[in-house]
Amino acid sequence: MAQHRQFPLSAIMLAVAVCALLFARGLSFWFLLLLTQFIAISLCVEILTRHIPAKLIDAARDNCCRMDGTRSHRRSAREQRAIGKVRSDLWAAFLMVALFCTGGIFMVNTVFPVSQAGNVVSAMVDNPGNFRSALKDRGVDDKFFKWSRSSSRLSNAEIRKRQNMLWTTWPVVLILMLVGCMGCGALIRYTYLRALREFHAGVDRRTHEYLNLDTGRLQG
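Rules behind the numbers
- Residues numbered from 1 in each chain as written.
- Predicted model: local features only at pLDDT ≥ 70, side-chain atom pairs only at ≥ 80, totals over all residues.
- Heavy atoms only, no water.
- Patch = residues over 30% accessible without salt bridge, like charges linked within 9 Å, V, L, I, M, F, W, Y side chains within 5 Å.
- Areas by Shrake-Rupley, 256 points an atom, 1.4 Å probe, with all protein chains shown as cover.
- Salt bridge = Lys/Arg side-chain N within 4 Å of Asp/Glu carboxyl O.
- Lys, Arg positive; Asp, Glu negative; His and termini not counted.
- Charge placed at Lys NZ, Arg CZ, Asp CG, Glu CD.
- Helix = DSSP H or I, 4+ residues; strand = E, 2+ residues; numbered from the N terminus.
- Core = buried A, V, L, I, M, F, W, Y, C linked by side-chain atoms within 4.5 Å.
- Buried < 20%, exposed > 50% of the residue type's maximum accessible area, 1.4 Å probe, protein only.
- Contact = heavy atoms within 4.5 Å.
- Phe/Tyr/Trp six-rings, centres within 6.5 Å; stacked < 30°, edge-to-face > 60°.
- Lys NZ or Arg CZ within 6 Å of the ring centre and 35° of its normal.
- Axes fitted to C-alpha atoms, helices over the stretch in contact; angles between N-to-C directions.
- Parallel < 35°, antiparallel > 145°, perpendicular 65-115°, else oblique.
- Left-handed = near helix turned anticlockwise from the far one by under 90°.
- Nonpolar A, V, L, I, M, F, W, Y, C, P; charged D, E, K, R; others polar.
- Disulfide = S-S within 2.5 Å.

Asks: Give me a positive patch on the surface: which residues, what numbers.
Replies: Residues Arg-66, Arg-74, Arg-81 and Arg-217 make up a contiguous surface patch of positive charge. Following the sequence through the fold, Arg-66 ends up in the loop between helix 3 (54–62) and helix 4 (73–109).

This is the structure in structure tokens:
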């Protein structure tokens, strides 16, 4: 079985540089979002997979060899498939998180331009006591009004009403976002630990299977 090495930092920096370059070229926000998610998921899955506890990896590597020290390609393939199962479980969990996040961003973008999210977060951090004033200082009010006029048929009064409602309910939105992030983290943690438990159980089961098989061959 191939030796697990730490995921190189240069690969992470290269992925970040690619995303920054594409962003600078003015590509679609949704395309960049999907590309960023794909790169992030790939990195996270590989990092977690390559950081399976060393004892488990050593036990799986030992399973690749017979009792006489010769290497078995069939046993090696079984151990590779077991690690592949850990990787596929993580991909499934991360894709569920990505789908949830993308759906949330899409829903938010129907009532508020996602492009202004950075300014809103900055306003929350810089001046939480006077949130509305901080938004006006960053021109978010005017940008939101222009965006609403161009993306809907609401009257000016209706736009202002929606705007006031958004600025009033932002703590609820923030809490929902935090709860969602915690839920996503809990899902990934649960999936990873369950995958490790299943991998551990499989390694132990195959160890006993191979031990009985090799012992029987030697006795025969």
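Asks: Help me get a handle on the nonpolar core, residues and values and all.
Replies: Ranked by size, the top nonpolar core spans 20 residues in total, and within it Ile-52, Val-86, Leu-90, Phe-94 and Phe-199 carry the most contacts. Mapped onto this core, the elements with two or more residues apiece are helix 2 (29–50), helix 3, helix 4 and helix 9 (170–219). What Val-86 contacts, discounting residues up to four positions off in sequence, is Ile-52, Ala-195 and Phe-199. With 14 residues, the next largest nonpolar core counts Phe-112, Val-140, Ile-159 and Leu-166 among its residues.

Asks: Talk me through the pattern of salt bridges; I want residue IDs and the actual numbers.
Replies: Going through the model one piece at a time under the given rule, you end up with 8 salt bridges. A salt bridge links Lys-85 to Asp-89; its shortest N-O distance comes to 2.9 Å. Remark: Asp-89 and Lys-85 occur in helix 4; sequence separation between them is 4 residues, near one turn of the helix. The class of Asp-89 is buried, set by a relative accessible area of 12%. Bridged by salt links that share partners, the residues Glu-46, Arg-50 and Arg-87 form one connected network.

Asks: Outline the packing of aromatic side chains, listing residues and values.
Replies: Inspection of the entire model under this criterion finds 5 aromatic pairs. A ring pair is formed by Phe-144 and Trp-167, whose centres lie 6.0 Å apart and whose planes are at 50 degrees; its orientation type is tilted. Taken as a pair, Phe-144 in helix 7 (residues 140–151) and Trp-167 in helix 8 (residues 156–168) lie far apart in primary sequence, 23 residues in all. Given a relative accessible area of 7%, Trp-167 falls into the buried group. Aromatic ring contacts, followed pair by pair, group Phe-112, Phe-144, Trp-147 and Trp-167 into a single cluster. The ring of Tyr-210 carries Arg-75 above its face, with NZ or CZ at 4.2 Å from the centroid.

Asks: Could you give an account of the packing of helix 7 against helix 8, with specific residues and numbers?
Replies: For the pair helix 7 and helix 8, the least separation of the axes is 10 Å and the interaxial angle reads 130 degrees. Considered as vectors, helix 7 and helix 8 are oriented oblique to each other. When you trace helix 7 past helix 8, the crossing you get is right-handed. On the side of helix 7, the interface is formed by Val-140, Asp-141, Phe-144, Phe-145, Ser-148 and Arg-149, while helix 8 contributes Asn-156, Ile-159, Arg-160, Arg-162, Gln-163, Leu-166 and Trp-167. Looking at side-chain class alone, the contact of helix 7 with helix 8 contains 6 nonpolar, 3 polar and 4 charged residues.

Asks: So, a nonpolar patch on the surface: which residues are in play, and what are the values?
Replies: Side chains of Met-67, Leu-211 and Leu-218 sit close together on the surface and give an oily, nonpolar patch of about 310 Å² of accessible area. Tracing the chain through its elements places Leu-218 in helix 9.

Asks: Talk me through the environment of Ser-148; I want residue IDs and the actual numbers.
Replies: Considering the arrangement of structural elements, one finds Ser-148 in helix 7. Looking at Ser-148, the relative accessible area reads 1%, which means it is buried. In sequence terms Ser-148 and Thr-110 are 38 residues apart; their C-alpha atoms lie 9.6 Å from each other.

Asks: Outline the state of the cysteines, listing residues and values.
Replies: Evaluated as defined, the whole model comprises 0 disulfides. Left unpaired, Cys-101 is separated from the closest cysteine sulfur, that of Cys-184, by 4.6 Å. The partly exposed category is assigned to Cys-101, whose relative accessible area is 32%.

Asks: I'd like a description of the environment of Leu-95, backed by residues and values.
Replies: By the secondary structure assignment, Leu-95 is in helix 4. When its relative accessible area of 46% is taken as the criterion, Leu-95 is described as partly exposed. Considered as a pair, Leu-95 and Gln-37 are 58 residues apart in the sequence and their alpha carbons are 8.8 Å apart.

Asks: Tell me what's going on with the packing of helix 3 against helix 9, and back it up with residues and numbers.
Replies: Two quantities define a packed helix pair, namely the angle between the helix axes and the distance between the axes. One can describe the packing of helix 3 onto helix 9 by two numbers: an axis separation of 10 Å at closest approach and a directional angle of 35 degrees. Crossing handedness for the pair helix 3 and helix 9: left-handed. Contacts from Leu-56, Ala-59 and Ala-60 in helix 3 reach Leu-196, Phe-199, His-200 and Val-203 in helix 9. In terms of residue class, the contact of helix 3 with helix 9 is made up of 6 nonpolar, 1 polar and no charged.

From the geometry alone we can't say anything about function, so treat these as descriptive.
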